[in-house]
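Residues per chain, in single letters:
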Amino acid sequence: MASFKERYHITSNWQYAVILLVFALTGSTAAYLAKPLLAWVGITRETVPVWLYYIIYFVGIFPVYQVLLVGYGFLFGQFKFFWAFEKKMLRGMKLGFLVDFFEKK
């Protein structure tokens, strides 16, 4: 825990707990929302092969998760941490052009 706090410049145990809570809420909410969002666009296990459904499901969770992560981070007062985390993750995935797009606005 100490190395995590040091690596991400977390100043207190309270901030650490809030960050873990945000990650938990984000993952749960993204997984919960993905199924109805896919159904809304007409993708269900009955309309596409099951293997394709789950690929689309997991790929579909990704953008929802990214938006929720920053949103929950903002609501819990940790926007700066999660925006920096998001930028680092997107650049690591070679999607840094998205970061550049949002930072220029």
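How would you summarise the packing of aromatic side chains if you had to cite specific residues and measurements?
Taken as a whole and judged by the stated rule, the model has 10 aromatic pairs. Here phenylalanine 81 and phenylalanine 82 contribute two aromatic rings whose centre-to-centre distance is 4.9 Å and whose plane-to-plane angle is 90°, an arrangement assigned as edge-to-face. Judged by its relative accessible area of 11%, phenylalanine 81 is buried. Accessibility expressed as a relative area gives 0% for phenylalanine 82, which makes it buried. Joined through ring pairs, the aromatic side chains of Phe23, Phe81, Phe82 and Phe85 make up one cluster.

Before we move on, could you go through the nonpolar core and cite the residues and values that matter?
Formed by 20 residues in total, the largest nonpolar core has its most connected members in Ile10, Val22, Ala30, Tyr57, Ile61, Phe81 and Phe82. Those elements that place two or more of their residues in this core are α2 (13–40), α3 (50–75) and α4 (79–92). Valine 22 has contacts with Leu69, Tyr72, Gly73, Phe76 and Phe82, leaving out every residue within four places of it along the chain.

Hey, could you go over the packing of α3 against α4 for me, with residue numbers and the actual values?
Where α3 contacts α4, the two axes come as close as 7 Å, and the packing angle between them is 155°. Comparing the axis directions of α3 and α4 gives the class roughly antiparallel. At the point where α3 passes α4, the crossing takes the left-handed sense. Contacts from Phe62, Gln66, Leu69, Val70, Gly73 and Phe74 of α3 reach α4 at Phe79, Phe82, Trp83, Phe85, Glu86, Met89 and Leu90. Counted by class, the contact of α3 with α4 contains 10 nonpolar, two polar and one charged residues.

An account of the side chain of glutamate 86 is needed here, citing residue identities and associated values.
With respect to the secondary-structure elements, glutamate 86 resides in helix α4. It turns out glutamate 86 is buried and unbridged, and the closest side chain with the opposite charge, lysine 87, is 11 Å from it. Not counting residues within four places of it along the chain, the set of residues in contact with glutamate 86 comprises Gln66, Leu69 and Val70.

How would you sum up α3? Please name residues and give values.
In this model α3 runs 36 Å from its N-terminal to its C-terminal C-alpha over 26 residues, within 8% of the 38 Å that 1.5 Å per residue would give. Regarding α3, the residues found buried are Tyr53, Tyr57, Ile61, Val64, Tyr65, Gln66, Leu68, Leu69, Val70, Tyr72 and Gly73. On its buried face, α3 sits against α2 and α4. One or two steps after α3, the chain reaches glycine 77, where phi turns positive at roughly 75°.

Cut-offs used in this document
- Residues numbered from 1 in each chain as written.
- Predicted model: local features only at pLDDT ≥ 70, side-chain atom pairs only at ≥ 80, totals over all residues.
- Heavy atoms only, no water.
- Phe/Tyr/Trp six-rings, centres within 6.5 Å; stacked < 30°, edge-to-face > 60°.
- Buried < 20%, exposed > 50% of the residue type's maximum accessible area, 1.4 Å probe, protein only.
- Core = buried A, V, L, I, M, F, W, Y, C linked by side-chain atoms within 4.5 Å.
- Helix = DSSP H or I, 4+ residues; strand = E, 2+ residues; numbered from the N terminus.
- Contact = heavy atoms within 4.5 Å.
- Axes fitted to C-alpha atoms, helices over the stretch in contact; angles between N-to-C directions.
- Parallel < 35°, antiparallel > 145°, perpendicular 65-115°, else oblique.
- Left-handed = near helix turned anticlockwise from the far one by under 90°.
- Nonpolar A, V, L, I, M, F, W, Y, C, P; charged D, E, K, R; others polar.
- Lys, Arg positive; Asp, Glu negative; His and termini not counted.
- Salt bridge = Lys/Arg side-chain N within 4 Å of Asp/Glu carboxyl O.
- Expected span 1.5 Å × (residues − 1).

Read these as geometric descriptors, not functional statements.
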